[in-house]
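Below, each chain spelled out in residue letters.
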Amino acid sequence: MKNSTKSIYNIFFGILSQVITIAVGIIFPRLILITFGSETNGLTNSVNQIFTYFALLEAGVGTTALQALYGPVGRSDYKTINEILAATDQYYKRTGILYFIAFIVLSVIYPILVDSELPKSVIFWVIIFTGLSGVISYFFQGKYNILLLAEGKNYINNNMSTIVYIFTSVFKLLLLLGGFGIVAIQAMYCLFNLFKMVYIEWYIHKNYKWINLKVCPNTQAISQSNYVLVHQISSLIFNNTDTIVLTFIVGLKSVSVYSMYTLLFGMVGTAIGTITGGVQFILGQTFNNDRKRYLKLHSVYEIFSMVVCFSLYCVACIFILPFMALYTSGVEDVAYIDSLLPYLFVAFYLLSNGRESSNITIKFAGHFKQTINRTIIESVINLTVSIVCVWKFGIYGVLIGTIVALLYRANDMIIYANCKILHRSPRKTYERWIRNVVVFIVITIIAKKTPMALDSYIQIIEWAAVVCVITVLIFVIINLLFEPDVRSIVKEEFIPQIKSACSRKR
């Protein structure tokens, strides 16, 4: 399968997965809110965020192995691929015990530490069933998921996740209607995720018969794992620390408010990651095998990722409050509508996602050790400002801390990637940022002043669809208008490849 076809599959099935996830996902948090209250909703979100910290055990080796695999995968060098996978497998088995111990300790300690009206036994079993599938996947499938990413076959994982999500959602509804509690719902979620793991295991053994984990492991290929780990900690801080700080300083109800906004904005972020991530394997392989061509592809990707990021978050910013008003109607134990929160969240997500082109360049180059001091500074800024501000400003405080840290690190990444790796001025990247920010502000102001009937979900969806199409077109046209070089590359290289891939599919 050609890379262009894999990219189309990744993007198409990724978008399909997100459409289903968003359509179904916005239903069940509300059902949990209505059925169990904000306390339980805050618990499930807090526990989910904590488990993202457990992913730190694999974060270092996962990212390092992925970057190491891009080159040999692009050359079909099976010997080197096996050596890297063998080293990765050793790491997973060695640290898997720590993952399991941390999982058990959390399930015992968390119910004691958290001030909640929920029974401690309920909190215990929610943690057990939320994390069990992750523990099992860590032991057996981490290395295979990385290989699928490097090969550009992430659509395999996406498709299985979508199927599991649909079945999980159906059974959630049945359990809720049957009067079952949150523990039964989480147990069912765990069971279906185990089915997904069985399928991935079968797929790998069927289609990758050449895999041999008994070869001499290439530990040098993943030698930067510890440096990558520090970078991943920083990433988790500005993505997840807000929830933890709110949990222990403000309370679970504030976590519920925060999680409702991150639920919706996070879905947009996941959709953006799916679309832009669908082509990253091509960039990774090209960086390792053809640096000159990478420079061309990087400019196209930077425009592409900014257009997707700014346009989708623009639409989300316009419609989130009308949607939130409907979504949380009838829930009166805490106020969910706040006119300032959408703008803080948009600033957070734009800075986080908009810097992606610079971020992946640093990863492809393997400059993890060289940038470790920068990521530590980002972490310190985020933690310090968040903890200081949360006491006075609550949710605003943790978001301010994250935004301040991102302002520093986004600029640092842009300058470093352009000057140290691509050996060019960062001016072009900053021009693209300024251009898209201006377009974002203008569209948002016009949309806010445009009269729209937004009194039902159907009306919101209809208006959002119309505004989304118009917004995306405006961003595409304006960006291509100011980028003649990128316009030429798209016309000469990408459009013919897309047409060819589509014709083969038909």
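On a predicted model such as this, the values are computed, not experimentally measured, just so you know.

Peer 1: Outline the overall build of the protein chain, listing residues and values.
Peer 2: Summing up its helical and strand segments, the protein chain has 20 helices and zero strands in all. In the protein chain, which comprises 506 residues, the proportion classed as buried is 54%. Look at the contacts in the protein chain between residues 6 or more apart in sequence, and 85% of them connect residues 24 or more apart. If you sum the accessible surface of the protein chain, you get close to 22,500 Å²; carbon and sulfur atoms cover 67% of it.

Peer 1: A description of the side chain of serine 357 should follow, citing residues and the corresponding values.
Peer 2: Here serine 357 shows up in helix α15 (residues 356–365). A distance of 2.8 Å separates a polar atom in the side chain of serine 357 from a polar atom in the side chain of glutamate 302.

Peer 1: How would you summarise unusual backbone geometry if you had to cite specific residues and measurements?
Peer 2: Its identity as a non-glycine residue notwithstanding, serine 76 has a phi of 55°, on the positive side. Along the chain, serine 76 falls in the loop between α4 (56–75) and α5 (78–113). Even without a glycine there, the phi angle at histidine 423 is positive, about 55°. The topology assignment puts histidine 423 in the loop between α17 (395–421) and α18 (427–449).

Peer 1: Please provide a residue-by-residue account of the nonpolar core, values included.
Peer 2: Ranked by internal contacts, the top residues of the largest apolar core, which has 69 residues, are Leu69 and Tyr110. No other element matches the ten residues that α5 contributes to this core. Dropping the residues within four chain positions of it, leucine 69 is found in contact with Ile81, Ile84, Leu85, Ile146, Leu147 and Ala150. Cys309, Phe319, Ile320 and Ile395 belong to the second-largest nonpolar core, a separate cluster that totals 64 residues.

Peer 1: I'd like a description of the packing of helix α12 (residues 280–289) against α15, backed by residues and values.
Peer 2: Close contact between α12 and α15 brings their axes to 10 Å; oriented N to C, the two are set at 40°. In this view, α12 runs oblique relative to α15, as classed from their interaxial angle. Seen along the crossing, α12 lies across α15 with a hand that is right-handed. Residue-level inspection shows Gln280, Leu283, Gly284 and Phe287 of α12 in contact with α15, the latter providing Glu356, Ile360, Phe364 and Ala365. A breakdown of the residues in the contact of α12 with α15 according to their chemical character gives five nonpolar, two polar and one charged.

Peer 1: Lay out the packing of aromatic side chains with the relevant residues and their values.
Peer 2: All told, the structure shown has 29 aromatic pairs when counted by the stated rule. Relative to phenylalanine 103, the ring of phenylalanine 100 has its centre 6.5 Å away and its plane inclined at 50°; by these criteria the two rings are tilted. Of this pair, phenylalanine 100 and phenylalanine 103 both sit in helix α5, three residues apart, which is roughly one turn of that helix. Residue classification places phenylalanine 100 among the partly exposed positions, given a relative accessible area of 40%. Here the aromatic rings of phenylalanine 345 and tyrosine 349 are separated by 6.5 Å at their centres, their planes lie at 20°, and the arrangement is stacked. Taken together, the positions of phenylalanine 345 and tyrosine 349, both in helix α14 (residues 341–354) and four residues apart, correspond to about one turn of that helix. Positioned above the aromatic ring of tyrosine 144 is the side chain of lysine 143, whose terminal nitrogen or guanidinium carbon lies 4.6 Å from the ring centre. The ring of phenylalanine 287 has arginine 291 sitting right over it, with the charged end atom 3.7 Å from the ring centre.

Peer 1: Describe α15, naming the residues involved and giving the relevant values.
Peer 2: The buried fraction of α15 amounts to seven of the ten residues, a majority that puts the element mostly inside the structure. If you check which residues of α15 are buried, you get Ser357, Ser358, Asn359, Ile360, Thr361, Ile362 and Phe364. Of the residues trailing α15, glycine 366 is marked for its positive phi of about 70°.

Peer 1: Which residues make up the pattern of salt bridges, and what values go with them?
Peer 2: With the rule as written, the count across this model stands at eleven salt bridges. Two residues, arginine 374 and aspartate 412, come together in a salt bridge whose shortest N-O distance is 2.7 Å. Of the two residues, arginine 374 sits in helix α16 (residues 372–393) while aspartate 412 sits in helix α17, which places them 38 residues apart along the sequence. In this structure arginine 374 comes out as partly exposed when scored by relative accessible area, which is 26%. The closest approach of N and O atoms between arginine 427 and glutamate 431, which form a salt bridge, is 3.0 Å. Of the two residues, arginine 427 and glutamate 431 both sit in helix α18, four residues apart, roughly one turn of that helix.

Peer 1: Describe the confidence of the model for the protein chain, listing the residues and the values that go with them.
Peer 2: Per-residue confidence for the protein chain gives a mean pLDDT of 82; residues scoring 70 or more make up 89%. Element-level pLDDT for the protein chain is lowest in helix α2 (residues 28–36), with a mean of 66, against a maximum mean of 93 in α18.

Peer 1: I'd like a description of a nonpolar patch on the surface, backed by residues and values.
Peer 2: Taken together, the side chains of Ile97, Phe100, Ile101, Ile104, Val105, Val108, Ile109, Ile112, Leu113 and Phe248 make up a nonpolar region of the molecular surface, amounting to roughly 920 Å² of accessible area. Ranked by the residues each element gives to the nonpolar patch, the list is headed by α5, at nine residues. Among the secondary structure elements, isoleucine 104 is positioned in helix α5.

Peer 1: Report on the environment of leucine 480, specifying residues and quantitative values.
Peer 2: By the secondary structure assignment, leucine 480 is in helix α19 (residues 457–481). Here the alpha-carbon distance between leucine 480 and valine 490, two residues ten residues apart in the chain, equals 9.7 Å. Apart from the residues lying within four places of it in its own chain, the contact partners of leucine 480 are Val486 and Arg487.

Conventions and cut-offs
Residues numbered from 1 in each chain as written. Predicted model: local features only at pLDDT ≥ 70, side-chain atom pairs only at ≥ 80, totals over all residues. Heavy atoms only, no water. Helix = DSSP H or I, 4+ residues; strand = E, 2+ residues; numbered from the N terminus. Buried < 20%, exposed > 50% of the residue type's maximum accessible area, 1.4 Å probe, protein only. Contact = heavy atoms within 4.5 Å. Areas by Shrake-Rupley, 256 points an atom, 1.4 Å probe, with all protein chains shown as cover. Polar contact = N/O pair within 3.5 Å; in protein donor to acceptor, adjacent residues only side chain to side chain. Core = buried A, V, L, I, M, F, W, Y, C linked by side-chain atoms within 4.5 Å. Axes fitted to C-alpha atoms, helices over the stretch in contact; angles between N-to-C directions. Parallel < 35°, antiparallel > 145°, perpendicular 65-115°, else oblique. Left-handed = near helix turned anticlockwise from the far one by under 90°. Nonpolar A, V, L, I, M, F, W, Y, C, P; charged D, E, K, R; others polar. Phe/Tyr/Trp six-rings, centres within 6.5 Å; stacked < 30°, edge-to-face > 60°. Lys NZ or Arg CZ within 6 Å of the ring centre and 35° of its normal. Salt bridge = Lys/Arg side-chain N within 4 Å of Asp/Glu carboxyl O. pLDDT = per-residue confidence, 0-100. Patch = residues over 30% accessible without salt bridge, like charges linked within 9 Å, V, L, I, M, F, W, Y side chains within 5 Å.

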